Amino acid sequence: MSKLFPKSANRLPLQIVLYLFVLGGIASAGINYYATNKWANVGYAPVQPVPYSHSLHAGQLGIDCRYCHSNVEKSGFANLPTAQTCMNCHSQVKTDSPLLAVVRESYATGAPLPWVQIHEVPDYVYFNHSVHVTRGVSCVECHGRIDKMDVVEQAKPLTMGFCLECHRAPEEHLRDLRDPAQKVTQLDWMHPKGVDGQRDQGLKLIQDLKIKPPESCSGCHR
Amino acid sequence: MRHVYFATFFLAVLTLSVLGFRGTRSTRPPLELFPDMDHQAHLKPQAESAFFVDGRADRPIPPYTVAYGFAPVEHKLGEDDANLAANDGLYRGKAADGSWLKTFPASVTVDAKLLARGQDRFTIYCAPCHGALGDGQGITKQYGMTTTPTYFDERRVKLTVGELFNTITVGSLPTPEGKRNMLPYADKLSPEDRWAVVAYVRALQRAQVGKLTDVPADHRKELGL
């Protein structure tokens, strides 16, 4: 009887099992890395109809976020500015710029500007800007350093885990809006006493303002 | 078996080079593996709608209407006309005889709270051009916004509060060419906020052109006078 299989074939079943483990490991690592907003959404920077620079207007000029997103304290939706808001200055500044032609046209005709939405939660998620902003959750917590971005891109994953991180430990993020230095739109503000100071202040604010971020399903999925 | 591992390694490198790393900037819309009910068929703020001719989901407010329930005084059905007429001072800065109000309307109490609100709103909406002091030296002046005036010349100090309110509401007086250098801010500031800003502008003017006699005698010490 000749040898049908070489002797090394004896090790094959073990090797296949080992390989399946390795393959499973690589596959789950890949899914873990890619099948999440941290990969799919972070860094999304669509081309906008007007190359508006936040780093110039909000950073260099120091214009408050609320100058344009003027309803963010009153409404659940942080509105985009009207064309008139742009024209408040641009009827006198850079009046001939070809980049602003669409804004001038929109102001004249009333046709909306086709801005592309960047930060978006799924439609089955209820998110309200005003309740966050008026309780001292700064813009920077979800939007990152917009005042440093020439082209706005999504900086945070905005997943459910991301929301819950803050809802479970709001004291690490809350600002005291009675203190003018802690303006909710001041994106580079950090508590001068560091992490401990921030936590002490946050815990006090939670007591004073009775802040209870919902952690139940129906809090956000209503 | 070695070849299988090589092939797997090659596949992993290929995946990485095609899909890239986390946080890489991209202009393409995010990939949605399981769209589930992420996009539901309902109208969203400032979004598009194929239903209306102009293509927008938000409906423009018809002219001469006031949003129900947004007025500071209690509204009752059928009483609105009388209510709005009675509040002409609050909404337009005009007295019953059509002249500009010289004092704040009755429902606005000028106190520290109102001034703080006024300062807060002024800093957001006015300071970029008018400057934190109201001297017209805001940051935009360096970028070509040259027409911003100071609040402290004689004409502007003498403006009534009604006229100041009206300026915020409808914009500055038109130039001979019919252009307003300052556009209306009524969409950004509610009537109450506008009155708060008016009060703060008055405070800024007092701070610059005020005299010692404006300060009550028992408060002069606080200023070291």
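Keep in mind the model is a prediction, meaning the values are calculated, not measured.

Draft legend 1. Here's a closer look at the overall build of chain A. Of regular secondary structure, chain A possesses eleven helices and zero strands. What you see for chain A is a C-alpha radius of gyration of 25 Å, clearly larger than the 17 Å of a compact globule of 222 residues, by over 25%. Referenced to the eigenvectors of the C-alpha coordinate spread, the extents of chain A come out at roughly 100 × 50 × 35 Å. By residue count, 22% of the 222 residues in chain A fall in the buried class.

Draft legend 2. Main features of the interface of chain A and chain B. With 40 residues of chain A at the interface, the matching set in chain B holds 35 residues. Those elements giving two or more residues to the side of chain A that touches chain B turn out to be helix 1 (12-34), helix 2 (37-40), helix 4 (65-68) and helix 5 (83-90) of chain A. Classifying every residue of the side of chain A that touches chain B gives 23 nonpolar, eleven polar and six charged.

Draft legend 3. Representation of helix 6 (residues 101-109) of chain A within the structure. Residue and element names in this part refer to chain A. When helix 6 is considered as a whole, its buried residues turn out to be V103, S106 and Y107. Angular distribution of buried residues about the axis of helix 6 spans 100 degrees; they occupy a single face of the element. Exposed positions of helix 6 whose direction lies more than 90 degrees from the buried face are A101, A108 and T109. Where helix 6 is buried, its residues meet helix 5. Backbone geometry just after helix 6 places G110 at a positive phi near 85 degrees.

Draft legend 4. Summary view of the packing of helix 5 of chain A against helix 6 of chain A. Residues and elements named next belong to chain A. For the pair helix 5 and helix 6, the least separation of the axes is 9 Å and the interaxial angle reads 115 degrees. In this structure, helix 5 crosses over helix 6, and the sense of that crossing is left-handed. Residue-level inspection shows A83, Q84, C86, M87 and H90 of helix 5 in contact with helix 6, the latter providing V103, S106 and Y107. In terms of residue class, the contact of helix 5 with helix 6 is built from five nonpolar, three polar and no charged.

Draft legend 5. Molecular detail of the packing of helix 4 (residues 112-125) of chain B against helix 8 (residues 191-209) of chain B. Residue and element names in this part refer to chain B. Running from amino to carboxyl end, helix 4 crosses helix 8 at an angle of 95 degrees, the nearest separation of the two axes being 7 Å. Relative to helix 8, the element helix 4 lies roughly perpendicular. Taking contact as the criterion, the partners of L114, L115, R117, G118, Q119, R121 and F122 in helix 4 are, on helix 8, D193, A196, V197, A199, Y200 and A203. Looking at side-chain class alone, the contact of helix 4 with helix 8 contains eight nonpolar, two polar and three charged residues.

Draft legend 6. Expanded view of unusual backbone geometry. Residue and element names in this part refer to chain A. With phi around 55 degrees, L158 is a residue other than glycine that occupies positive phi space. Its place among the elements puts L158 in the loop between helix 8 (140-143) and helix 9 (160-168). Residue K210 is not a glycine yet carries a positive backbone phi of 55 degrees. Judged by C-beta crowding, with 7 C-beta atoms within 10 Å, K210 ranks as exposed.

Draft legend 7. Local environment of the nonpolar core. In this structure, Y125(B), W195(B), V197(B), V198(B), Y200(B) and V201(B) are the most contacted members of the largest nonpolar core, which totals 41 residues. For this core, the secondary structure elements donating two or more residues are helix 4 of chain A together with helix 4, helix 5 (127-130), helix 7 (161-170) and helix 8 of chain B. It is helix 8 of chain B that provides the largest number of residues to this core, a total of eight residues. Setting aside residues no more than four positions away along its own chain, V201(B) makes contact with G134(B), Y151(B) and L164(B). Counting residues in hydrophobic clusters, the runner-up holds five residues, among them A83(A), C86(A), V103(A) and Y107(A).

Criteria and thresholds
- Residues numbered from 1 in each chain as written.
- Chains lettered and ligands numbered in written order.
- Predicted model: local features only at pLDDT ≥ 70, side-chain atom pairs only at ≥ 80, totals over all residues.
- Helix = DSSP H or I, 4+ residues; strand = E, 2+ residues; numbered from the N terminus.
- Rg over C-alpha atoms; globule rule 2.2 N^0.38 Å.
- Buried ≥ 20, exposed ≤ 12 C-beta atoms within 10 Å, placed from the backbone.
- Contact = placed C-beta atoms within 7 Å.
- Nonpolar A, V, L, I, M, F, W, Y, C, P; charged D, E, K, R; others polar.
- Arc of directions from axis to C-beta.
- Axes fitted to C-alpha atoms, helices over the stretch in contact; angles between N-to-C directions.
- Left-handed = near helix turned anticlockwise from the far one by under 90°.
- Parallel < 35°, antiparallel > 145°, perpendicular 65-115°, else oblique.
- Core = buried A, V, L, I, M, F, W, Y, C linked by C-beta atoms within 7 Å.

Worth remembering: the numbers are spatial, not functional.
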